[in-house]
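Coordinates in review
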Amino acid sequence: MNIAVVLFPRLTALDAVGPYETLQRLPDTTVTFVGHQRGEVRTENGYLGLTVDKTFNEVVAPDVVIVPGGIGVLDLLEDKVLLDWLRSVHATSRFTTSVCTGSLLLAAAGLLPGLEATTHWAFMDKLTELGAVPTSTRVVEHLEQRTIIAAGVSSGIDMALRLAELLTDQVTAQAMQLMVEYDPQPPFDAGSVVKAGPLVTARAKELFQEKD
């Protein structure tokens, strides 16, 4: 099984690395990082570099596609090369998935017409503009359409474990969860807009602006 993880400038690292760290443990599986051209891309703050191993032209029929998010997505919503590639590989993939604002690219490629989808809470309105129906559900499945969409950043690990179950079985997926010791016990209960409240949400928006 070949899993293709899309990389692009100014992506969010955990959107790609979280699912990678989980799914690279699947039996008989390879993970390929794909992009416009081979070489390094930098994450949204520029501190971390990730390497594109193959171009879109070199990966034509992956079994699974993972599209991460990040502020760089906004520069790609009309990128013909990437959007055409997504349409092409989705025709034969077992699952096409996204994390965070990666869902905006799936929607821009026409893969989520009128379907419920999720993304990072700060970009829900963009989904509507692109023809999807926003929902705050952490992981959204459309198994008939072979798409799975995860909300912001950390939810990509949840999505990857569900994907692992669909590709193998529940025991194997649970074993992979144990291997990465994914047992969240955060010190705060502020992981969603509803739970965080207005004060924390306002501070988060300030931090977004500082980092942009």
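It should be noted that the structure appears before, not after, this text.
Residues numbered from 1 in each chain as written. Predicted model: local features only at pLDDT ≥ 70, side-chain atom pairs only at ≥ 80, totals over all residues. Heavy atoms only, no water.

**Some details on the overall build of the protein**
- Across its full length, the protein holds seven helices and 11 strands.
- Its C-alpha atoms give the protein a radius of gyration of 16 Å, within 12% of the compact-globule value 17 Å for 212 residues.
- Each principal axis of the C-alpha distribution contributes one length, and for the protein these read about 45 × 40 × 35 Å.
- The buried share among the 212 residues of the protein stands at 45%.
- Considering only residue pairs separated by 6 or more positions, the protein has 62% of its internal contacts joining residues 24 or more positions apart.
- Counting only carbon and sulfur atoms, one obtains 53% of the accessible surface of the protein, whose full area is about 10700 Å².
- Across the protein, the mean location of the 16 positive side-chain charges is 3 Å away from that of the 26 negative side-chain charges. (Helix = DSSP H or I, 4+ residues; strand = E, 2+ residues; numbered from the N terminus. Rg over C-alpha atoms; globule rule 2.2 N^0.38 Å. Buried < 20%, exposed > 50% of the residue type's maximum accessible area, 1.4 Å probe, protein only. Contact = heavy atoms within 4.5 Å. Areas by Shrake-Rupley, 256 points an atom, 1.4 Å probe, with all protein chains shown as cover. Lys, Arg positive; Asp, Glu negative; His and termini not counted. Charge placed at Lys NZ, Arg CZ, Asp CG, Glu CD.)

**Overview of the pairing of strand S10 (residues 139-142)**
- Going residue by residue along S10, you find Val140 and His142 tucked away on one face and Val139 and Glu141 left uncovered on the opposite face.
- Two strands pair when backbone bridges link them, and S10 and strand S11 (residues 147-150) are joined in this way by four bridges, in the antiparallel orientation. Residue pairing across strands places Val140 opposite Ile149, the latter belonging to S11.
- Counting the residues in the hairpin turn of S10 and S11 gives four residues, including Arg146, whose phi is positive at 65°. (Pairing = 2+ DSSP bridges.)

**Focus on the nonpolar core**
- Ranked by size, the top nonpolar core spans 58 residues in total, and within it Val6, Leu23, Trp85, Leu86 and Leu105 carry the most contacts.
- With seven residues, the top contributor of residues to this core is helix H5 (residues 155-167). (Core = buried A, V, L, I, M, F, W, Y, C linked by side-chain atoms within 4.5 Å.)

**Regarding the pattern of salt bridges**
- Across all of its chains, the model carries 11 salt bridges by this definition.
- One salt bridge connects Arg42 with Glu40, and the closest N-O pair in it is separated by 3.1 Å.
- Residue classification places Glu40 among the exposed residues on the basis of a relative accessible area of 54%.
- Salt-bridge contacts for Glu141 lead to Arg162; the nearest nitrogen and oxygen are separated by 2.5 Å. Taken together, the residues span a long stretch of sequence, with Glu141 in strand S10 and Arg162 in helix H5 at a distance of 21 residues.
- Here Arg162 falls in the partly exposed class, since its relative accessible area comes to 23%.
- A single network of salt bridges, built from pairs that share partners, joins Lys80, Asp84 and Arg87. (Salt bridge = Lys/Arg side-chain N within 4 Å of Asp/Glu carboxyl O.)

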